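Results of the structural survey
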Amino acid sequence: MRLLRNGSNGTLVRHRKSLSKVGSLKQVDIEQVLAEIRDDVAKKRAEGSFPPGLEQELEAEFQTILSYTKRGITDRAAEIERLAAEVRHNNHEITGLTPAHSRIPGMSIIHRIVRRVIARHTMGLAAQIRASEESKVRLLEIFAEQSRAHEDADQRLVQNLSKHVLDRVAVIDHLTILVTALEAKIRKLEESK
Amino acid sequence: MPSVHQLIIGSSRRDAITNMALTLRDALADKYDAEVYSYFAPDHTINGEVLHFPDMPLGTPEDILVYHSSFGLEAVTKELLQRPERIVIVYHNITPSKYYEDSDPVFAEQLAWGRRELELIRDKVVMSFADSEYNAKDLSTYGYTDISVVPAGVNPRRLDEVPTSTYFLGELTQHFPNGFVLFVSQVLQHKRAELALEMVHLLRSVWRLDVGLVVAGPNRKPVYRRDLEKLRQRLPESHVLFTDEITEQQLATLYRSCLVYVGTSEHEGLAIPPLEAMANGAPVVVRAAGAVAETVKQAGIIVPLESGVGELAGAVARVIEDNSLRHELVKSGYARVSEFESVDTTSHFVKRIEKLFV
């Protein structure tokens, strides 16, 4: 099936020259081809190999995806993950030690002494806050996982539901054809009587 | 020596407008001081050939500034209005903003500004060009008259001298042992790449053709690209390869080895990829968006815009399965490219510019 046209590395020109010798081209009747394509598609639909509503289903599928973009919800799970990363980063900066520098001469030494005196307590508090923040991070990560799973499940559910509805519509379409054929047969039988 | 510099918004080796501007520059350089300037800094693929706009010297009222209109930036409009040079506009079409209002409002505003700019600079424009009848008609709605329809600088055979990459071809064969359909475009929302994905899903699930799809083009809108990725995951039969940015050699290899080139765009001002596909021997199936029909003419199957993806898949399947039709389309494609090239659009452009200096 695979044919490489034009060869490679410079064979293109020779190939084109040989084509120019073919002579006048048989004009393809595009309108005729298009009409045949339409017939072929219609036939496939009638045979049932091309389920009715399939194109609409495909279109609806993409519209669903796009609607998330239109609402600005490009990726909620990613947004939650970004928040989690931000909280984690900030967490590292909670040390319980405040800067000791001062513009007033001699005050820096006092600040340093006070900081050292109360460090036992402030650092303990900082550790408690960090532990609490770590829980928040974990919580956000769980949210992100849930959000991703939820989004997928929702989309799968809608997809399955649409498929079932379209299958039913296809069955009804098929039944309509059978009923019409049956009616025609009955009419013929009645006429032959 | 008078100057005829050109201004484009962005530039890259793979960008059609950049290539057109460079071809025109080469033709203009014999008679004028001619350079191509890009408003945004030229990317690494073209750096040195295209210069950065801040380096553009200020001309005189005798000089010409050829402005390639395809987008809108207020800063550019301001420059165009303040500079002393006379303006020649080459209109490549501006995508209607409606395609991006929901997904990318800033981009939509810039597109809308591009159309506003057409009105604002009109009085400074001394000559107008459009690269298709479709674009000329669009430009005329902004009060422009006497528009020359010249696809100046378009070279569908620019890849002729580029060799096929046997390594890349091997990879493609491994990935798609029974061949692939090719979609070439920047991955932007109005190009409707999702239709190509849906189409390949139908080709495999309804027509039972074991083929794949290659979406070849730079990823301009990551959110849209992500949406396409999601669609691919949800369609079990969409056998797709996104190449993102590729080299000229890879592009030439794709054109030369695909089963069919498919175009699904909703809006096109000229449509160069179908011409390049034809020049490289690929049969073409496209949707009748904008200027596509006048570009492709009878050399490809043009599916009406209102048709569904089923008809598009039907057309591609027909070309894959019908060897005779495929052969005829390839031949018609070569003939169409020759017809397209029969008019020396670059010389025509230069001759019209010369008239401005008489």
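Because the structure is predicted, anything quoted here is derived from the model rather than measured.

All right, on to the packing of aromatic side chains then. Residue and element names in this part refer to chain B. Overall, the coordinates contain 9 aromatic pairs over all chains when judged by the stated rule. An angle of 85° between the planes, with centres 4.8 Å apart, marks the rings of Y100 and F107 as edge-to-face. Assessed through its relative accessible area of 0%, Y100 is described here as buried. A residue is classified by how much of its surface remains accessible, and F107, at 16% relative accessible area, is buried. Centre to centre, the rings of F176 and F180 are 5.7 Å apart; their planes meet at 40°, and the pair counts as tilted. Among the residues examined, F176 registers a relative accessible area of 1% and is labelled buried. Among the aromatic residues, those joined into a ring-pair cluster are Y39, F40 and F53. In this arrangement the basic side chain of K221 is found over the ring face of F107, its NZ or CZ atom lying 3.8 Å from the centre.

Before going further, it helps to spend a moment on the sheet that holds strand β1 (residues 4-8) of chain B. All names here are of chain B. Strand order across the open sheet formed by 7 strands is β3-β2-β1-β4-β5-β6-β7, with parallel pairing between neighbours. The open sheet terminates on both sides in strands that have one partner only, identified here as β3 (51-52) and β7 (147-149). Where strand β4 (residues 64-69) meets strand β5 (residues 86-91), 6 bridges bridge the pair, whose relative direction is parallel. Bridging from a neighbouring strand, S69 pairs with Y91 of β5. Across the face of the sheet, helix α4 (residues 133-140) comes into contact with β5, β6 (125-130) and β7 while running at roughly 165° to β7. Against the sheet, helix α13 (residues 345-355) engages β1, β4, β5, β6 and β7, with an angle of about 170° to β6.

Before going further, it helps to spend a moment on the sheet that holds strand β10 (residues 240-244) of chain B. Residues and elements named next belong to chain B. Taken in spatial order, the 6 strands of this open sheet run β10-β9-β8-β11-β12-β13, and their pairing is parallel. In the strand order of this sheet, the two ends are held by β10 and β13 (301-303), each with one partner. Averaged over all pairs of adjacent strands, the angle between their axes in this sheet comes to 20°, without regard to strand direction. Bridge count for strand β9 (residues 212-216) against β10 is 4 bridges, and the pairing is parallel. The residue bridging A216 from the neighbouring strand is D244, located in β10. The strands touched by helix α6 (residues 193-205) are β8 (180-184), β9, β10, β11 (260-263) and β12 (284-287); relative to β9, the strand with the most contacts, the crossing angle is about 165°.

Calculation notes
- Residue numbers here run from 1 along each chain, matching the order of that chain's written sequence.
- The naming scheme follows written order: chains are lettered A onward, ligands numbered 1 onward.
- Since the coordinates come from a predicted model, pLDDT governs what is reported: local features require at least 70, and pairs of side-chain atoms require 80 or more to be given and counted, while whole-chain, interface and lining totals use all residues.
- Excluded from the side-chain calculations are hydrogens and water; all other atoms, namely the structure's heavy atoms, are used.
- Stacked, tilted and edge-to-face are the three classes assigned to paired rings of Phe, Tyr and Trp, where Trp is represented by its six-membered ring and a pair needs centres within 6.5 Å; plane angles under 30 degrees give stacked, over 60 edge-to-face, the rest tilted.
- Partly exposed describes any residue whose relative accessible area lies between the buried limit of under 20% and the exposed limit of over 50%, with all areas from a 1.4 Å probe on protein chains only and scaled to the type maximum.
- Our definition puts a charge over a ring when NZ of Lys or CZ of Arg is within 6 Å of the ring centre and also within 35 degrees of the ring normal.
- The pairing criterion for strands is at least two bridges between them, as found by DSSP.
- Only DSSP runs of H or I covering at least 4 residues are called helices, and only runs of E covering at least 2 are called strands; the numbering of each starts at the N terminus.
- Contacts were defined at the residue level, with two residues in contact if any of their heavy atoms lie within 4.5 Å.
- The angle between two axes is taken between their N-to-C directions and runs from 0 to 180 degrees, where each axis is a line fitted to C-alpha atoms and a helix contributes only its stretch in contact.

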